[in-house]
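Read off the chains here:
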Amino acid sequence: MSHYSIAIDGPSGAGKSTLAKALAARLGFLYVDTGAIYRTVGLYVARQGADCGKEDEVLPHLPNIALSLTYGEDGLQHMLLNGEDVTGAIRENQVSRWASQVSAIPGVRAFLLEMQRDLARRHSVIMDGRDIGTVVLPQADLKIFLTASVEQRAIRRCKELEEKGQSVPLETVKAEIAQRDYDDSHRAAAPLRQAEDAVVVDTSQLNLEESLEALYTLVKERLQL
Ligand code: DC
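Residues numbered from 1 in each chain as written. Predicted model: local features only at pLDDT ≥ 70, side-chain atom pairs only at ≥ 80, totals over all residues. Heavy atoms only, no water.

Draft legend 1. A look at helix α4 (residues 93-103). Listed in full, the buried residues belonging to α4 are Val-95, Ser-96, Ala-99, Ser-100, Val-102 and Ser-103. Looking at the buried positions of α4, the neighbouring elements they touch are α2 (34-47), α3 (55-58), α5 (106-122) and α8 (170-186). (Buried < 20%, exposed > 50% of the residue type's maximum accessible area, 1.4 Å probe, protein only. Helix = DSSP H or I, 4+ residues; strand = E, 2+ residues; numbered from the N terminus. Contact = heavy atoms within 4.5 Å.)

Written out as structure tokens, the structure is:
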């Protein structure tokens, strides 16, 4: 049986995971948050006391990492790192930086590539990340590049952090987002960039409902569901 695949790429804080999750639930597809996978690798490597930005310190740890994704009754993705549920731990603010650093290492990307493709072979998926439409699933049935202004993305991220009891100043979050955008789009290995055949959706002026409707309309136009 063949499956559908939808790739959603874009910078941090554009609403990818919230929207992809909601869209997947509406379509009955599996939602795969690939950022969570990079975060888990970053968390493991940092816990070993290694520098996430140094390839020679990161690569030796990869063989010791067993990653799995499980889906709870709620349909939400849980990340298991050597059997430990790290779903909450990988959302800590500092993990974002570690994830960005390890994701720039080609050996890390190669290590995770097959795992991501395998999920798409076995399920209809909505996969979100940075290189899904360009590298992981170049044959995706629909590619969406989801973006929003740095200002809007920082406001959203601040709210998200506040809800988790972490209060970080807006200016700090804005600077972190701008830095990560730069790092993610300027790295040599699979940089963040829009696939030529991706549809751009800018959510700066759209609320969640409106963004979801825009994506759902696109899916209906493109996929024979
Ligand atoms: O989407 P996120 O913020 O959880 O992603 C964390 C980091 O992982 C981000 O800096 C970029 C990187 N990443 C990547 O390089 N490729 C992906 N497919 C997903 C995330």
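Draft legend 2. Local environment of the site of the ligand. Around the ligand sit 17 residues in total, of which Thr-34, Arg-39, Arg-109, Arg-130 and Arg-187 are the nearest. Here a nitrogen atom of the ligand sits 2.9 Å away from a polar atom, N or O, in the side chain of Thr-34. With respect to the ligand, the side chain of Arg-39 contributes an N or O atom lying 2.6 Å from an oxygen atom. In the complex, the protein chains occlude 96% of the 450 Å² of accessible area that the ligand would expose alone. Residue assignment for the shell around the ligand shows that the elements contributing at least two residues are α2, α4 and α8. No other element matches α2, which puts four residues into the shell around the ligand. Here the shell around the ligand is composed, by residue class, of three nonpolar, five polar and nine charged. (Near = heavy atom within 4 Å. Polar contact = N/O pair within 3.5 Å; in protein donor to acceptor, adjacent residues only side chain to side chain. Areas by Shrake-Rupley, 256 points an atom, 1.4 Å probe, with all protein chains shown as cover. Nonpolar A, V, L, I, M, F, W, Y, C, P; charged D, E, K, R; others polar.)

Draft legend 3. How the structure looks around the sheet that holds strand β2 (residues 30-33). One open sheet accounts for five strands, arranged β2-β6-β1-β7-β8; its pairing is parallel. Where the open sheet ends on each side, the last strands, each with one partner, are β2 and β8 (199-202). For this sheet, the mean angle separating the axes of adjacent strands, direction not counted, is 20 degrees. Pairing between strand β7 (residues 142-147) and β8: four bridges, direction parallel. Paired with Leu-146 across the two strands is Val-201, which belongs to β8. (Pairing = 2+ DSSP bridges. Axes fitted to C-alpha atoms, helices over the stretch in contact; angles between N-to-C directions.)

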